[in-house]
Amino acid sequence: MNASETVSPSPQRFRDRKRWGWLLSVVGPGIAATGTLAHTLGATSLWWFALPLALFYGVIPLADWWLGEDLTNPPEGEVPALEADGYYRWILYATVPVLWSTVLFNLVFLATHALPLAAWLVTVVVTGSVLGFGLNLSHELGHKQDWLGRKLALFNSALGGYGHFSIEHNRGHHRHVSTPEDPASARLGESIYRFVLREMPGAFVRAWSLEATRLRLRGRSAWHPDNEILQAGLLTLVLYGGLIAFYGWPMAAALPLVAFWGAFQLTSANYIEHYGLQRRRKADGRYERCAPHHSWNSNHLVSNLVVFQLQRHSDHHAHPRRGYQSLRDFPDLPRLPSGYFGMFLVAYLPPLWFRVMDPRVVQAVKADPERINFKPGLRDALMQRLGLVSA
């Protein structure tokens, strides 16, 4: 080889710098057992029960603020390898026993220990939060193409009595997202407490209709054993019935509250993910195709590692088959000022939420009212308050 000849360096292979960080999504739900486990081992301070809440809604938002956002994307040429890497799938599977053992341990603790009301309520909320993690896991698994992933999603959502979730989400929400027809898309000017009254019953009704239609097209009754809502409901009935039969009224008092708070965590996520955003309606009456700018996005590092990058929601809705490890950021997206844990707290205070988010909606849609999903009856008042002008 001549001295003048040069050797091209081999391209550097992509390495997922967050590869081990994704294990926080496995560990996260287990944090909820900190207080109950500490007292089982002899601790006496009631502050142990509040520790998980402090971590979820204090430490994680602060860590997001301190460490900031991760704007990096995996190279497109590496995405097939990322999707085929079994490590990322096994992390999902490993989270299932963590979720179930944490929820069941806390429920049994609640049913067998006399706690002050404050400690009891905090433990109910913490345990319900784990069910929120569980629905997030079911969300990721439910988008998989294989039988095992979809059935695990169904099995996992039954733990919180929300077995209709995958059906409603995949076949309903993804089709109608960011339109007035979607009960899981929040409207501008709608508080989370109004939203939940529309979202929870609307989700079940839509899921049942979708499943009944699927079975009817196969020549079967809506009450056929192949109805996945009934399958999940039967599992919930057996599980909850067994727990109540064994532990009595203390379990009966805790279960519905824990299940509700778990479902409300899903409601909270749905509320912030599409708040005020609307797909433009075309001349033929149909809506434009869902694109990344129809969802609120968050690149905050720590919270994304804890929730399987659910917060990169823009890419998820535009490309729902992508695994969490492959989701991308895009320029000029609607952006949340914090991760989901911080934004949940803001959402629970509607005046603060409207003050923080309503101007961001206007900015995200470039002041185009046709791209805003208004709460019915408030359009004119909101347009006046926000300085919007009809086209």
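## Describing the overall build of the protein
- When its secondary structure is counted, the protein shows 16 helices and zero strands.
- For the protein, the share of sequence-separated contacts (at least 6 apart) that also reach a separation of at least 24 residues comes to 71%.
- Side-chain charges in the protein split into 37 positive and 29 negative, and the spacing between the mean points of these groups amounts to 4 Å.

## Remarks on unusual backbone geometry
- Its identity is not glycine, yet Ser178 carries a phi of approximately 55°, on the positive side.
- With phi around 60°, Asp332 is a residue other than glycine that occupies positive phi space.
- The residue Asp332 is located in the loop between helix H13 (313-318) and helix H14 (340-347) in this model.
- Judged by relative accessible area, which is 72%, Asp332 ranks as exposed.

## Here's the deal with the nonpolar core
- Counting 85 residues, the largest nonpolar core has Tyr271, Ile272, Tyr275 and Trp353 as the members making the most contacts within it.
- Broken down by element, the residue count for this core peaks at 12 residues, all from helix H5 (residues 86-112).
- Look past the residues within four positions of Ile272 in its chain and what remains in contact with it is Trp296, Leu336, Tyr340, Met343, Phe344, Ala347 and Trp353.

## Describing the environment of Thr34
- Take Thr34: it is sitting in helix H2 (residues 34-40).
- Of the residues examined, Thr34 reaches a relative accessible area of 22% and is grouped as partly exposed.
- Distance in space between the C-alpha atoms of Thr34 and Tyr348 is 25 Å, their sequence separation being 314 residues.
- If we skip the residues at most four places from it in the chain, Thr34 touches Trp48, Leu51 and Pro52.
- In this structure the side chain of Thr34 is engaged in a polar contact, spanning 2.5 Å, whose partner is the backbone oxygen of Ile31.

What counts, and at which threshold
Residues numbered from 1 in each chain as written. Predicted model: local features only at pLDDT ≥ 70, side-chain atom pairs only at ≥ 80, totals over all residues. Heavy atoms only, no water. Helix = DSSP H or I, 4+ residues; strand = E, 2+ residues; numbered from the N terminus. Contact = heavy atoms within 4.5 Å. Lys, Arg positive; Asp, Glu negative; His and termini not counted. Charge placed at Lys NZ, Arg CZ, Asp CG, Glu CD. Buried < 20%, exposed > 50% of the residue type's maximum accessible area, 1.4 Å probe, protein only. Core = buried A, V, L, I, M, F, W, Y, C linked by side-chain atoms within 4.5 Å. Polar contact = N/O pair within 3.5 Å; in protein donor to acceptor, adjacent residues only side chain to side chain.

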